[in-house]
Amino acid sequence: MDIKSLFEDDSSDTGSSNVSDVEGDHGEKKSKDCYPNCDVNVWLRSCEHEIVEPIEGVVKGVVPEWLNGSLLRNGPGSLKVGEMTFNHLFDSSALLHRFNIEGGKVTYQCRFLKSDTYKKNKAAQRIVVTEFGTSAVPDPCHTIFHKIAAIFRKPGENNSDNAMISIYPFGDEYFAFTESPVIHKIDPQTLGTESKLNVSDYVGIVNHTSHPHVMSDGTVYNLGCSVTKTGPAYTIICFPHGENMFENARIVASVPARWKFHPGYMHTFGITENFFIVVEQPLSVSVPSMLVSQIKNEPMASSLKWFENQQTYIYLLDRDSGELKHTYHAESFFYLHIINQYEKDGHVVLDICCYKDPAMLNCMYIDTMKNMQQNPDYAKMFRGRPLRFVLPLNYKQDLKSSTTSIFSAARPWACLIKKLSITDFSEKKLNSEENCRDLTLKNLITLNNTKAAAYVMPDATIFCKPELLCDLGCETPRIYYEEHLGRDYQYFYAISSDVDANNPGTLIKVDVTNKSRLTWCEENVYPSEPIFVPSSNPQSEDDGVVLAAMVWGREEENRVGLLILDAKTFTEIARSEFTTPGPVPKCLHGWFQSSPK
């Protein structure tokens, strides 16, 4: 089974419905909704009233007495600027949320991130800064020379500083992130925007991912892109814990991009005991197109290029020396989030939420979202699955005795890739293709309890076939981060990405060891990224609770909640619900800040 076949549309498992004509009240034909259980409007709402002073919610159930702290959230807040509307969900003005839990009570507040872009748009009452998918209203005072000069400014200065993706701590300070090098320091108690910081002032990068890794000792790592004499390179930045984390930042590892004018699009990266993991998917940012788009005032999305016939590369960089140690190949796939990664028995295990292509980015254009109910292909475009890649570390001997010698111009090895895409994951004798008869492939993976495979190719590369972890769409995955980041683990938590599911608002707990799952859902409820919080004295990996912000669909725009699930049983133990003065949209990523108590 190849990667792409994992995403073939199969409505039998997800509860989807197809478009059909039904009789209306007066006998006329009208189109039935493709996804009657999914209310996409939970993403399209615009917050009209900030909640500066915390409001107290109504608690149902019993909040664990040991659970004290704040769940901080970030995400799209408003698609409107005056009479104008953004074109893409990623352009929405950032809205920060805070659920504070103390003594069994829960309060809620939300405030807009006061970025320079937000303030400029608000003052002008129109979109004056170009975003990921939206062009700004042209400034008549800016000539072509102004636009060309802007290209040579410091990275981040000429782009939007709207940071609506995530929140991460650096020491005891919290920052809102996007993929621009500009981040914003926020007050975790008031949600006030305190200052902004350009990471490129401290280390030579032009952008970075929205998901840095915070280590147990407080050190922070992130993946950025640097411009070198030989072209773009993926660089790992270390922010050592302590005072002056940004001033002491340094690049500790680097690997050149495969294409000099098309560096890969990066949203996350991996880290294990000995390696940094960079997954270079064939979705790239075209540098020539990006330069032209800045001159023409076109959004960044127009610079993304997908090379569907190119493979995905997986790089392992040594954490001590910073050198590239291993490179692996896989079929092309698109991803945003890596679930976790770890080393075990001479292998690196890498779990990723994968899509066959980046069509899901197009699914988040506002017009496409508004018209999803009449688009029978929408769910298929958004179809993703969690896959496990197993990367063998001890393959040098196999390279020496690789199958290269049996191939020639008369026996091309392209058929090998073709056969790998249709055979199962076990060691297989390929004898149905004339050019591949009597060829036996050796699976390099010796790790127990996995169906993943890796083979030596005739050009001495290592080609990896993944294993399906769960036949459900999983997104915004979280683990017991503090203890299991980069280590062997058993559970991850996610939200459903299947818009054609019986309940698209489903939360999922996946057991990656036993390949089983538990789910939680409630009609018309849409939870966000589930965050695991361990109990005060955890006895197992899932001894704790899972927290998720909730919004309600349809006409319940002013209803917000905090859900608390028992992580072991994945059943509800408590919730707190709030009635807000205006609509609240669904959020993306966040962080739990434990109370000192």
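My aim in this report is to walk through the structure given alongside it, one point at a time. (Residues numbered from 1 in each chain as written. Predicted model: local features only at pLDDT ≥ 70, side-chain atom pairs only at ≥ 80, totals over all residues. Heavy atoms only, no water.)

Structural notes on the nonpolar core
- Core analysis: the biggest nonpolar cluster contains 128 residues, and Phe-389 and Phe-492 have the highest contact counts within it.
- Sort the elements by how many residues they give to this core and strand 26 (residues 347-355) lands first, with seven residues.
- When sequence neighbours within four positions are dropped, the list of residues in contact with Phe-389 reads Ile-3, Ala-330, Phe-333, Val-348, Val-349, Leu-350, Ile-352, Cys-354, Cys-464 and Pro-466.
- Within the second largest apolar cluster, 26 residues are counted, among which are Ile-101, Val-545, Ala-549 and Val-584. (Core = buried A, V, L, I, M, F, W, Y, C linked by side-chain atoms within 4.5 Å. Buried < 20%, exposed > 50% of the residue type's maximum accessible area, 1.4 Å probe, protein only. Helix = DSSP H or I, 4+ residues; strand = E, 2+ residues; numbered from the N terminus. Contact = heavy atoms within 4.5 Å.)

Points about the sheet that holds strand 8 (residues 93-102)
- With antiparallel pairing, five strands are arranged side by side in an open sheet as 3-9-8-5-42. A strand with exactly one partner marks an edge of an open sheet, and here the two such strands are strand 3 (51-56) and strand 42 (589-594). In this sheet, neighbouring strand axes are inclined to one another by 20° on average, regardless of whether the strands run parallel or antiparallel.
- Note: strand 3 against strand 9 (residues 105-112), three bridges, orientation antiparallel. Bridging from a neighbouring strand, Ile-55 pairs with Tyr-108 of strand 9. (Pairing = 2+ DSSP bridges. Axes fitted to C-alpha atoms, helices over the stretch in contact; angles between N-to-C directions.)

Focus: unusual backbone geometry
- Although it is not a glycine, Gln-125 adopts a positive phi angle of roughly 55°.
- Along the polypeptide, Gln-125 turns up in the loop between helix 3 (116-124) and helix 4 (144-151).
- Of note in the backbone geometry, Asn-524 takes a positive phi value of approximately 70° without being a glycine.
- Mapped onto the elements of the fold, Asn-524 is located in the loop between strand 36 (516-520) and strand 37 (525-527).

Points about the environment of Met-372
- If you trace the backbone, Met-372 turns up in the loop between helix 7 (366-370) and helix 8 (378-381).
- Considered as a pair, Met-372 and Cys-34 are 338 residues apart in the sequence and their alpha carbons are 7.7 Å apart.
- In this view, Met-372 contacts Cys-34, Tyr-35, Cys-38, Val-40, Tyr-378 and Val-499; residues no more than four positions away in its chain are not counted.

Some details on the sheet that holds strand 12 (residues 182-186)
- Taken together, the four strands give an open sheet; going across it, the order is 10-11-12-13, and neighbouring strands pair in antiparallel fashion. Both outer strands of the open sheet, strand 10 (166-170) and strand 13 (193-198), are each paired with one neighbouring strand and no more. Mean inter-strand twist for the sheet, computed between neighbouring axes without regard to direction, equals 35°.
- By the bridge criterion, three bridges tie strand 11 (residues 173-177) to strand 12 in an arrangement that is antiparallel. Each residue of the ladder has a partner; that of Ala-176, found in strand 12, is His-184.

Some remarks on the pattern of salt bridges
- By the definition in use, this model includes 28 salt bridges.
- Notably, a salt bridge pairs Lys-185 with Glu-194, separated by 3.7 Å at the nearest N-O pair. (Salt bridge = Lys/Arg side-chain N within 4 Å of Asp/Glu carboxyl O.)

Don't take any of this as a statement about function, it's just geometry.
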